[in-house]
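These are the residues of each chain, in order.
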Amino acid sequence: PSTGRDWNATIAPDGTIAYVSDRSGRFELWRMAPGDAPRQITDLRGLYPEGPQWSPDGRRLAVSVTAETGADILLVDSDGARPALAAGHPADDRAPAWSADGATLYFASNRDGVWRIWRSTAPFTTAEPVTGPGWIRVRDAGDGRSLFLVREVGGGLWRMALPDGVPEPAIPDLHPWDVDNWAVDGSGIVFVQRDAALPDESPRLVRLDLSSGARQVLGPVPPGMAKGGLTLTQDGAVVLSLQTTQD
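Described below are features of the structure shown in this document. Everything quoted here is computed from the prediction, not taken from an experiment. (Residues numbered from 1 in each chain as written. Predicted model: local features only at pLDDT ≥ 70, side-chain atom pairs only at ≥ 80, totals over all residues. Heavy atoms only, no water.)

1. Some points on the sheet that holds strand β15 (residues 157-161)
Then step 1. If you walk across this open sheet you meet the 4 strands as β13-β14-β15-β16, and the pairing is antiparallel. Edge positions in the sheet fall to β13 (135-140) and β16 (168-171), since each of these pairs with one other strand and no more. Shown here is a sheet whose adjacent strand axes are inclined to one another by a mean of 35 degrees, direction ignored.
Then step 2. Sheet topology note: the β15/β16 ladder contains 3 bridges and is antiparallel. Within β16, the position partnered with Trp158 by the bridge is Pro169. (Pairing = 2+ DSSP bridges. Helix = DSSP H or I, 4+ residues; strand = E, 2+ residues; numbered from the N terminus. Axes fitted to C-alpha atoms, helices over the stretch in contact; angles between N-to-C directions.)

The following block contains the structure:
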């Protein structure tokens, strides 16, 4: 365990973990390859990083960085080199997510006055809207034909067929607290399930099978799970970021 705070983990195909940490005294991106010690890979100089995502080939990271003037999507190489803004804009861009083939970067933005999902393709200098208004999180479904989305208001997880389908409920009971606590593994979705009336009481990790619609309870959510504290390895194992107190 770290003496600082580590969260927002994302795992590359080779098992390398990238995550946000303040163990250096400020918020930066760190990485830890299998068998290696953790090392800082960015020098963000006061920017706040959030929600890093490995590209499918493990060569780049996309991460939201926030300053007093707003938020942008930053692209960096796997070692932190060659930082560059993705489809930079004066408005806020957040919550990046790669397509399964790595050719498209999706993200949430209010660049036209309302929150919706946008997409950018290489060389990632421009962007176009993908959804109507009111959407703040996105993940590729892994089939090349649809996206999973979270609404700005009301919670729930939705599935939208590309290029311009109507979003349909996939997990209607995803709590608004858990807009970042879900992950797609290709054939299913792992998410945090809560009682709507008592969201603090006994939250559970659940896997939804996308083919059958069946739900499997994986176990209770450990105390101290961080926002954005759920990710998956390449073989579907669940990795959680936990906030603990050291005496």
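2. Structural notes on the pattern of salt bridges
Pairing between side chains of opposite charge can happen when their charged atoms approach one another.
Then step 1. Inspection of the entire model under this criterion finds 16 salt bridges.
Then step 2. Between Glu128 and Arg119 there is a salt bridge, and its shortest N-O distance comes to 2.9 Å.
Then step 3. The class of Glu128 is partly exposed, set by a relative accessible area of 41%.
Then step 4. With its nearest N and O atoms 3.7 Å apart, the salt bridge here joins Arg207 to Asp209.
Then step 5. Given the relative accessible area of 17%, Arg207 is considered buried.
Then step 6. Given a relative accessible area of 23%, Asp209 falls into the partly exposed group.
Then step 7. Look at the salt bridges and you will find they share partners, linking Arg26, Glu28, Asp43 and Arg45 into a network. (Salt bridge = Lys/Arg side-chain N within 4 Å of Asp/Glu carboxyl O. Buried < 20%, exposed > 50% of the residue type's maximum accessible area, 1.4 Å probe, protein only.)

3. Some points on the side chain of Thr42
Then step 1. Tracing the sequence through the fold places Thr42 in the loop between β4 (39-40) and β5 (48-54).
Then step 2. When its relative accessible area of 8% is taken as the criterion, Thr42 is described as buried.
Then step 3. Within polar-contact distance, the side chain of Thr42 engages the side chain of Glu28 at 2.7 Å.
Then step 4. Other than its neighbours up to four places away in sequence, Thr42 contacts Glu28 and Leu29. (Polar contact = N/O pair within 3.5 Å; in protein donor to acceptor, adjacent residues only side chain to side chain. Contact = heavy atoms within 4.5 Å.)

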